[in-house]
Amino acid sequence: MNVLSVPVKPKEMLLSEKNRVPAEEQNCTTPHLFCYPAQSNFSGTKYPLSWIQEIKSGNLCPIKMPGKWFVLLDAASYVSTSPLDLTVHQPDFIPISFYKIFGFPTGLGALLVNNQIAPFLRKSYFGGGTAAGYLAGEEFYSPRPSVADRFEDGTVSFLDIIALKHGFDALERLTGGMENIKHHTFALSHYTYTVLSTLKYANGAPVVHIYSDSDFSSPDVQGPIINFNVLDENGDVIGYSQVDKLASLYNIHVRTGCFCNTGACQQHLRLSNEDVKRNLQAGHVCGDDIDIIDGRPTGSVRISFGYMSTFEDAQTFLKFIIATRLSESDFKFPSQTTTRETITQSVESSIQNDHTANNNAKKFSLKTIISDTGHWNNSSAALKTPETSRTVVSESAIPVYRSGSKPITVTNIYLYPIKSCSAFEVSEWPVGNQGLLYDRSWMVVNQNGVCISQKQEPRLCLVHPLIDLEQNIMVIKAEGMDPISLPLEENTGREIQIGQSKVCAHRVQTYDCGERIAEWFSELLGRRCRLIRQSSDLKRNANQKHDKGQATKVSLSLVNEAQYLLINTASILQLKEQITERLEEPLQTEELIQRFRANIVISGTESFEEEEWAEISIGTLCFQVVGPCNRCQIICIDPQTGQRNKEFLQTLSSTRGRKVIYLYKNVHLILGSEIGH
């Protein structure tokens, strides 16, 4: 419409009286519109509602321009936690968001229009339901008389709109009204701001930089929003995407970026127009994870409190910041007196108790993931028996269970460091509380973070990972490729990228192993992929039912079903006889064993005798049998060539007479249990 648009900074409004037009021009009726937010969605700053009447009366002039001023008050952020009395404050237009008030329905809002101003509104188009009448063959259109009918194009979300009355009723019933919500949410944000702003590293450097235009002294000037960036000990900003990912590990949802408020983002982060343009040229777009460019942040982190927020929520957030940034030695809670001193003291006691009780629990760092020694830590973290002696699985171990007079022995031990890749055979090996040490700790994923298995890429069986505990590395080999190595200790660099993946519909927390290994696998497989590793700081727990129907809660690595997989050589030999009849070439026993990807291979029993076992012992290790393992098409893949042969699965199905195929047992480790047979 060729209308002039002028940005106005908040501080310029304080000087707006200088823009008052001369008396002879005050009768001008040219309409102008002044738009401003009642509350900044970036920092929570509340701007004076008195501006509405002062601007409409001409006492304040945003710019020196004769005419009649109308006011649009953006109240979407404001009314979510504060009352707005339209009998006192009367803007001409008010956009609001019901989603911000109730959290439901998603995306539903409204534009409140003063009926006296409605005739000024024009539309250059119309949609279904907004016309009183129109012609297709002639330029004729007559709008509906009601302003709401004219502007609600198409079918409104009437099913969602029905929920609004219930939302208002529930809000009033639970809280007693918006005035109570205003003071409740401000108390939470004031407390959080007070604690957060006083957190210091041991060297005195602040833990966070808060972006605020107030000191959180009054709910009349500050809403329940805290915007900040986390800093390291040197004062450098830690990217918001890193903070977001770690917060999700604590089940905390934060908003990150610029929050669709470029003006406030530029003001607080001190980004010039040229900076924003350069960031775009560097590849940064709204909503992405590019949080640091040339050492400067492109956005920030925001937390907000609503009427359902509790003091425990604020406490949880502060515990997250403290746990990820401060060690117990340099952790000091603010000591100055505040209006909520007793609450502060209770939080201090609670957090300190949590630090003591959870000394070996999960710990996270925004720059690094620190290994949990209770999980495993190379060879020294092997599980201990009640006698505290080091425990390993060994081929020389003889189980307690015996079939007649013939001992049952462990003949082979395999681990699979990278899920779906080749086995690594050992003669003895440490165990952790998720199975054999480093067993299925890594996996290959596609660009979307979805696991790639031999089902999609049979060539993965040609990848040979080797674990060297003495040198503390994993070496990965494949024909036609130069060997590549990875350190066994978890990544401690700032570039660590934490994400989520899925294993058999279960979400697992992982981190990326870097570009070098990603390029290696991408070249090998001829497709873009990456290598990720399960984070040891967040265990994957699963409730498993064993054959007796009892549930057992266990900690799993990236395995599908259980910590260990056991196979019986006698069962394999019987299957071999049946498959050989259908094959043109002889089948080696070792090859067939490898197809089933077991951790523990035993001999000395009758074929399929293991299906009747409930518990077994190997040396001093005790195992509970969860049940038979469901087999899939991976057993059809030749581990030496990567070629498929459907006869294996078909034979197994026909000989065992079951739709779901069983051959070896899922077992979980039990410590300190007495074994019965």
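What you see is a predicted model; the values in this text were computed from it and never measured. (Residues numbered from 1 in each chain as written. Predicted model: local features only at pLDDT ≥ 70, side-chain atom pairs only at ≥ 80, totals over all residues. Heavy atoms only, no water.)

## Here we look at the overall build of the chain
Within the chain, the regular secondary structure consists of 15 helices and 34 strands. The proportion of buried residues among the 677 residues of the chain is 49%. Surface summary for the chain: the accessible area is close to 34100 Å², and the carbon and sulfur share equals 49%. (Helix = DSSP H or I, 4+ residues; strand = E, 2+ residues; numbered from the N terminus. Buried < 20%, exposed > 50% of the residue type's maximum accessible area, 1.4 Å probe, protein only. Areas by Shrake-Rupley, 256 points an atom, 1.4 Å probe, with all protein chains shown as cover.)

## Observations regarding the sheet that holds strand E23 (residues 473-477)
Taking strand neighbours across the sheet as the criterion, the 3 strands line up as E22-E23-E24 in an open arrangement whose pairing is antiparallel. Edge positions in the open sheet fall to strand E22 (464-468) and strand E24 (484-487), since each of these has one partner strand only. Pairwise comparison of adjacent strand axes, ignoring direction, gives a mean angle of 25° for this sheet. Here helix H12 (residues 515-525) sits on the sheet and contacts E23 and E24; the angle it forms with E24, its principal contact strand, is near 145°. (Pairing = 2+ DSSP bridges. Axes fitted to C-alpha atoms, helices over the stretch in contact; angles between N-to-C directions. Contact = heavy atoms within 4.5 Å.)

## Description of the state of the cysteines
For the coordinates displayed, the defined rule picks out 1 disulfide. Each sulfur of the disulfide joining Cys258 and Cys265 lies 2.0 Å from the other. Linking Cys258 and Cys265, the disulfide has an S-S dihedral of approximately -50° and is accordingly described as left-handed. For Cys258, a relative accessible area of 22% puts it in the partly exposed group. (Disulfide = S-S within 2.5 Å.)

## Remarks on the UniProt feature "active site" (unreviewed entry) in the chain
The feature "active site" (unreviewed entry), as given by UniProt, occupies Cys260 in the numbering adopted here. Note on placement: Cys260 falls in the loop between strand E10 (255-257) and helix H8 (262-269). We classify Cys260 as exposed; its relative accessible area is 83%. (UniProt positions renumbered as here; feature names shortened; annotations may be inferred.)

## What to know about the nonpolar core
Judged by nonpolar contacts, the single largest core of 44 residues is most densely connected at Ile476, Trp520, Phe521 and Leu531. Residue contributions to this core peak at 5 residues, all from H12. The residues touching Ile476, leaving out its near neighbours within four places in the chain, are Ile418, Val463, His464, Pro465, Pro483, Ile484, Leu486, Ile517, Trp520, Phe521 and Leu531. (Core = buried A, V, L, I, M, F, W, Y, C linked by side-chain atoms within 4.5 Å.)

## Topic: the layout of surface pockets
For the second largest pocket, the calculated volume is near 950 Å³. Around the second largest pocket sit 28 residues that line it, and Ile303, Ser304, Phe305, Gly306 and Ser309 are the ones nearest its centre. Among the secondary structure elements, those contributing two or more residues to the lining of the second largest pocket are helix H3 (98-102), strand E13 (300-304) and helix H10 (311-325). Ranked by the residues each element gives to the lining of the second largest pocket, the list is headed by H3, at 4 residues. (1 Å grid on protein atoms, 1.4 Å probe; cavity = no way out; pocket = protein on both sides within 12 Å on 5 of 7 lines; lining within 4 Å. Points joined across faces, edges and corners; volume = space filled by probe spheres on them.)

## Overview of the pattern of salt bridges
Using the criterion set out here, one finds 14 salt bridges in the structure. Beyond isolated ion pairs, a larger network of salt bridges with shared partners links Asp275, Arg278 and Arg296. (Salt bridge = Lys/Arg side-chain N within 4 Å of Asp/Glu carboxyl O.)

## Focus on the pairing of strand E33 (residues 621-628)
For E33, the buried fraction is high: 7 of the 8 residues fall into the buried class. Pairing of strand E32 (residues 615-618) with E33 involves 4 bridges; the strand directions are antiparallel. Across the sheet, residue Ser617 finds its bridge partner in E33, namely Cys622. With antiparallel pairing between neighbouring strands as the criterion, E32 and E33 make up a hairpin whose turn holds 2 residues, including Gly619 at a positive phi of roughly 65°.

## Observations regarding the environment of Ala187
Looking at where Ala187 falls in the secondary structure, it is placed in helix H6 (residues 178-198). By relative accessible area, Ala187 is classed as partly exposed at 23%. Separated by 118 residues in the primary sequence, Ala187 and Phe305 place their C-alpha atoms 9.8 Å from one another.

## A closer look at unusual backbone geometry
Trans is the common state for peptide bonds, and a negative phi is the common state for residues other than glycine. Omega for the bond connecting Phe104 with Pro105 falls within 30 degrees of zero, at -5°, which places this linkage in the cis form. Tracing the backbone shows Pro105 in the loop between H3 and strand E4 (109-113). One non-glycine residue with positive phi stands out, namely Tyr438, at about 70°. With respect to the helices, strands and loops of the structure, Tyr438 is situated in the loop between strand E20 (435-436) and strand E21 (442-445).

## A closer look at helix H13 (residues 569-580)
Compared with an ideal rise of 1.5 Å per residue, which puts 12 residues at 16 Å, H13 spans 16 Å between its outermost C-alpha atoms and is within 8% of the ideal. Considered for burial, the residues of H13 that qualify are Thr569, Ala570, Ser571, Ile572, Leu575 and Ile579. The N-capping residue of H13, defined by a side-chain oxygen 3.1 Å from the backbone nitrogen of Ala570, is Asn568. (Expected span 1.5 Å × (residues − 1). Polar contact = N/O pair within 3.5 Å; in protein donor to acceptor, adjacent residues only side chain to side chain.)

## Some remarks on the environment of Asp468
Looking at where Asp468 falls in the secondary structure, it is placed in strand E22. Polar contacts involving the side chain of Asp468 include one to the main-chain amide nitrogen of Gln471, which spans 3.1 Å.

## A few points about the environment of Leu231
Tracing the sequence through the fold places Leu231 in strand E8 (residues 225-231). For the pair Leu231 and Pro206, spaced 25 residues apart in the sequence, the C-alpha separation amounts to 7.2 Å. Those residues in contact with Leu231 that sit more than four places away from it in its chain are Tyr201, Pro206, Val207, Val208, His209, Asp236, Val237, Ile238 and Arg325.

## Describing the pairing of strand E3 (residues 93-97)
Counting buried positions along E3 gives 4 out of 5 residues, so the element sits mostly inside the fold. One ladder, built from 5 bridges, connects E3 with E4; its direction is antiparallel. Along E4, the bridge assignment pairs Pro95 with Leu111.

## Brief notes about the packing of aromatic side chains
For the structure shown, the criterion picks out 17 aromatic pairs. With 4.2 Å between their ring centres and 15° between their planes, Tyr193 and Phe216 make a pair best called stacked. Taken together, the residues Tyr193 in helix H6 and Phe216 in the loop between strand E7 (208-210) and E8 connect sequence positions 23 residues apart. Residue Phe216 is classed as buried on the basis of its relative accessible area, which comes to 1%. (Phe/Tyr/Trp six-rings, centres within 6.5 Å; stacked < 30°, edge-to-face > 60°.)

## Some words on a nonpolar patch on the surface
A contiguous nonpolar patch, built from Val156, Phe158, Leu159, Ile161 and Ile162 and spanning about 470 Å² of accessible area, is present on the exposed surface. Within the fold, Leu159 resides in helix H5 (residues 158-175). (Patch = residues over 30% accessible without salt bridge, like charges linked within 9 Å, V, L, I, M, F, W, Y side chains within 5 Å.)

## Thoughts on the confidence of the model for the chain
When pLDDT is averaged along the chain, the result is 79, and 75% of the positions lie at 70 or above. Counting interchain partners and residues more than four positions distant, the pLDDT-below-50 stretch residues 397-403 has 22 contacts. Under a pLDDT of 50 for its full length, residues 543-551 has, in the predicted model, 25 contacts with residues more than four places off or in other chains. (pLDDT = per-residue confidence, 0-100.)

## Looking at the packing of H6 against H10
Interhelical geometry of H6 versus H10 gives an angle of 20° and a closest axis separation of 10 Å. Of the possible angle classes, the one that applies to H6 and H10 is roughly parallel. The way H6 lies across H10 gives a crossing that is right-handed. Across the interface between the two elements, Leu188, Tyr191, Thr192, Val195 and Leu196 from H6 touch Phe311, Ala314, Phe317, Leu318 and Ile321 from H10. Looking at the contact of H6 with H10 residue by residue, the classes come out as 9 nonpolar, 1 polar and no charged. (Parallel < 35°, antiparallel > 145°, perpendicular 65-115°, else oblique. Left-handed = near helix turned anticlockwise from the far one by under 90°. Nonpolar A, V, L, I, M, F, W, Y, C, P; charged D, E, K, R; others polar.)

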